[in-house]
Amino acid sequence: MENATTDKGWSCFKCENLGSLLEEEDTQLMIDNFDQHDPDQNTQVTVDEFVAFQQNLCRQMKGRELSESEEQEARDAFDNIDINRDGSIGWWEFVTAESVHFLQKKPKEYLVKLLTPREIQRIRDIYKEKDFNGQGMLVQNYYQEVIKQWMEGLGLEPKDGDYTKYLLVESGIVQWDTFLREHAISILSARPNISGKKHFLPVSHRS
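Residues numbered from 1 in each chain as written. Predicted model: local features only at pLDDT ≥ 70, side-chain atom pairs only at ≥ 80, totals over all residues. Heavy atoms only, no water.

A look at the overall build of the chain
Link 1 in the chain: The number of helices and strands found in the chain is 9 helices and 4 strands.
Link 2 in the chain: Walking the chain from its N terminus toward its C terminus, one meets helices and strands in the order α-α-β-α-α-β-α-α-α-β-α-β-α.
Link 3 in the chain: The contacts of the chain with a sequence gap of at least 6 include a subset with a gap of at least 24, amounting to 65%. (Helix = DSSP H or I, 4+ residues; strand = E, 2+ residues; numbered from the N terminus. Contact = heavy atoms within 4.5 Å.)

Right, dumping it as structure tokens:
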């Protein structure tokens with residue numbers, strides 16, 4: 001409870017439930033997708049069911065079996081979605097991971113409108129600390145420092161220590177409006193209050 005009012009503290013269920021940000025059509029697609037992962041309809045997806053779904057998808061899309069590396073990637077993806085580490089994926093774990101994918105397809109301006117004033121102010125304050133000239137723009141190295149400080153403040157340090165993969169703006173000079181637009185999806189993805197602080201922050205296509 002001592003963290004309740006901090007950046008690492010708990011927020012309301014509505015705020016952390018990324019599924020509530022989706023449109024009805026998206027939610028139905030996600031339900032259908034979950035059902036395809038859960039053939040025995042027991043509301044829990046095992047690692048074997050998860051890999052089997054990826055196997056069937058590979059056969060349909062590519063006409064072949066998963067390679068060993070692809071199967072391992074599927075197992076790693078399962079481990080990442082299995083937030084409570086109980087060996088299965090429940091509906092809300094599935095929603096947390098899949099909602100990010102659905103939101104990434106939305107217009108970036110729309111995602112900015114979903115941010116709370118506190119979320120914007122939190123990262124704006126960090127941005128301003130590195131904007132030494134007060135012109136609303138950062139050079140690349142300070143841009144990385146902003147992302148690093150923001151993630152560390154939320155307890156989302158990457159295990160490999162690599163923050164560059166979370167830099168979504170490719171230009172050398174990063175203006176505030178561009179920064180907020182490109183990273184709205186990152187801020188939304190960081191909402192869920194998850195034990196162990198697993199997260200689903202998107203990474204750059206350069207990674």
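What about the side chain of Ser88?
Link 1 in the chain: Secondary-structure assignment places Ser88 in strand β2 (residues 88-89).
Link 2 in the chain: A residue is classified by how much of its surface remains accessible, and Ser88, at 11% relative accessible area, is buried.
Link 3 in the chain: Within the local environment of Ser88, its side chain forms a polar contact with the side chain of Gln44, the two groups lying 2.8 Å apart.
Link 4 in the chain: Setting aside its immediate chain neighbours within four residues, Ser88 contacts Gln44, Val45, Phe78, Asp82 and Glu93. (Buried < 20%, exposed > 50% of the residue type's maximum accessible area, 1.4 Å probe, protein only. Polar contact = N/O pair within 3.5 Å; in protein donor to acceptor, adjacent residues only side chain to side chain.)

Considerations on the confidence of the model for the chain
Link 1 in the chain: Of all residues in the chain, 87% have pLDDT values of 70 or greater, and the mean over the chain is 88.
Link 2 in the chain: Ranking the elements of the chain by mean pLDDT puts helix α1 (residues 13-16) last, at 55, and strand β1 (residues 45-46) first, at 97.
Link 3 in the chain: Low pLDDT (under 50) marks residues 1-5, which in the prediction has 6 contacts with non-local residues, meaning those over four places away or in another chain.
Link 4 in the chain: Across residues 9-13 the pLDDT falls below 50, and counting only partners more than four positions away or on other chains, this stretch makes 11 contacts in the model. (pLDDT = per-residue confidence, 0-100.)

Some details on the nonpolar core
Link 1 in the chain: Counting residues in hydrophobic clusters, the biggest one holds 48 residues, and the most contacted among them are Tyr143, Trp150, Met151 and Phe179.
Link 2 in the chain: At the level of elements, α2 (24-37), α3 (47-62), α4 (68-81), α5 (91-104), α7 (117-130), α8 (140-153) and α9 (176-189) are the ones that each hand at least two residues to this core.
Link 3 in the chain: With 7 residues, the single largest contributor to this core is α9.
Link 4 in the chain: Other than its neighbours up to four places away in sequence, Phe179 contacts Ile123, Tyr127, Tyr143, Val146, Ile147, Val169 and Val174. (Core = buried A, V, L, I, M, F, W, Y, C linked by side-chain atoms within 4.5 Å.)

Describing the packing of α7 against α8
Link 1 in the chain: Two elements in contact, α7 and α8, have axes whose closest approach is 9 Å; the angle formed by their N-to-C orientations is 145 degrees. Of the two possible hands of crossing, α7 and α8 adopt the one that is right-handed. Facing α7, whose interface residues are Arg122, Ile123, Ile126, Tyr127, Glu129 and Lys130, α8 presents Tyr142, Glu145, Val146, Gln149 and Trp150.
Link 2 in the chain: Taken together, the residues of the contact of α7 with α8 sort by class into 6 nonpolar, 1 polar and 4 charged. (Axes fitted to C-alpha atoms, helices over the stretch in contact; angles between N-to-C directions. Left-handed = near helix turned anticlockwise from the far one by under 90°. Nonpolar A, V, L, I, M, F, W, Y, C, P; charged D, E, K, R; others polar.)

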